[in-house]
Amino acid sequence: MFDSLLALKKGNSYQRRAYDVIQEVGVLNEFASYDPIVCGTIPLNIHDGDSDLDIIFYVHDLDDFARRLSEAYQSFKSFSLKTIEVNGSTVVKANFYAYGFEFELFGMNQPTNRQNAYLHMMVEGHILMNHPEFMEDVRHLKREGFTTEAAFCECLGLDYQNPFERLKDYGKEHNYI
């Protein structure tokens, strides 16, 4: 199983810096009761200059979570907090900059290991373990404007009309998730 925090801690210099910044900001400790998981392209080492540190949370009380996020991070550069609908679910999303990294904190009332960000990262991690040659191809496609999920679908020769669902389906077909 891919451990995103360990990947950052033991990764290249950029990943280790991301790990240090996450620790400095204290988000994993401060919000440990929400089962946080660092997701996205940085742990997978397929990030680009626009990649943010995505951290997902399992939240039962969205209002309390939003209040706590605001109290903890409102003083950080470009802090924003929104309650939005994503795929029929209400989520709280906070963004801010800290120590050279953009953070995106995403809380919803769903276990973190069942959220799309986590599932996509698991599938992508398995694909990269089986096809390490895709790493540079994915980076190139992302620079060309592909989403991460669409880039993986392109590398695999999959239809990417709905790359988010197609990648999950591929992961299920191959017992990655």
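Structural data are supplied above this passage.
What counts, and at which threshold
- Residues numbered from 1 in each chain as written.
- Predicted model: local features only at pLDDT ≥ 70, side-chain atom pairs only at ≥ 80, totals over all residues.
- Heavy atoms only, no water.
- Helix = DSSP H or I, 4+ residues; strand = E, 2+ residues; numbered from the N terminus.
- Rg over C-alpha atoms; globule rule 2.2 N^0.38 Å.
- Buried < 20%, exposed > 50% of the residue type's maximum accessible area, 1.4 Å probe, protein only.
- Salt bridge = Lys/Arg side-chain N within 4 Å of Asp/Glu carboxyl O.
- Contact = heavy atoms within 4.5 Å.
- Core = buried A, V, L, I, M, F, W, Y, C linked by side-chain atoms within 4.5 Å.
- Axes fitted to C-alpha atoms, helices over the stretch in contact; angles between N-to-C directions.
- Parallel < 35°, antiparallel > 145°, perpendicular 65-115°, else oblique.
- Left-handed = near helix turned anticlockwise from the far one by under 90°.
- Nonpolar A, V, L, I, M, F, W, Y, C, P; charged D, E, K, R; others polar.

Draft legend 1. Representation of the overall build of the chain in the model. Of the regular secondary structure elements, the chain holds 9 helices and 5 strands. In the chain, the order of α-helices and β-strands from amino to carboxyl end is α-α-α-β-α-β-α-β-β-β-α-α-α-α. What you see for the chain is a C-alpha radius of gyration of 16 Å, in line with the 16 Å of a compact globule of 177 residues. Along the first, second and third principal axes, the C-alpha set of the chain runs to 45 × 35 × 30 Å. Expressed as a percentage of the 177 residues in the chain, the buried residues total 49%.

Draft legend 2. View of the pattern of salt bridges. Counted under the stated rule, the structure contains 8 salt bridges. With a shortest N-O distance of 2.9 Å, glutamate 71 and arginine 67 are connected by a salt bridge. Of the two residues, glutamate 71 and arginine 67 are both situated in helix 5 (residues 62-73); the distance of 4 residues between them amounts to about one turn of the helix. For glutamate 71, a relative accessible area of 54% puts it in the exposed group.

Draft legend 3. Main features of the side chain of serine 4. With respect to the helices and strands, serine 4 occurs in helix 1 (residues 4-10). Taking relative accessible area as the criterion, serine 4 reaches 6% and is therefore assigned buried. Ignoring sequence-local partners within four residues, the contact set of serine 4 consists of Ile37, Val38, Pro43 and Met121.

Draft legend 4. Fine view of unusual backbone geometry. Positioned with a positive phi, tyrosine 99 is a non-glycine residue whose angle comes to about 55°. Here tyrosine 99 lies in the loop between strand 4 (89-98) and strand 5 (101-108). In this structure, asparagine 175 takes a positive phi of about 60° despite not being glycine.

Draft legend 5. Layout of the nonpolar core. Counting residues in hydrophobic clusters, the biggest one holds 28 residues, and the most contacted among them are Val27, Phe57, Phe103 and Leu105. Secondary structure elements with two or more residues in this core: helix 2 (13-25), helix 3 (27-30), strand 2 (53-58), helix 5, strand 4 and strand 5. If we skip the residues at most four places from it in the chain, valine 27 touches Ile22, Ile55, Phe57, Tyr73, Phe103 and Leu105. Among the nonpolar cores identified, the runner-up in size contains 26 residues, and Ile56, Met108, Leu167 and Tyr170 belong to it.

Draft legend 6. Representation of the packing of helix 8 (residues 148-156) against helix 9 (residues 163-173). In contact at an axis separation of 8 Å, helix 8 and helix 9 are set at 55° when each is read in the N-to-C sense. Between helix 8 and helix 9, the interaxial angle falls into the category oblique. In this structure, helix 8 meets helix 9 at a crossing whose hand is left-handed. Residue-level inspection shows Glu149, Ala150, Phe152, Cys153 and Leu156 of helix 8 in contact with helix 9, the latter providing Pro163, Phe164, Arg166, Leu167 and Tyr170. When the residues that make up the contact of helix 8 with helix 9 are grouped by side-chain class, the tally is 8 nonpolar, no polar and 2 charged.

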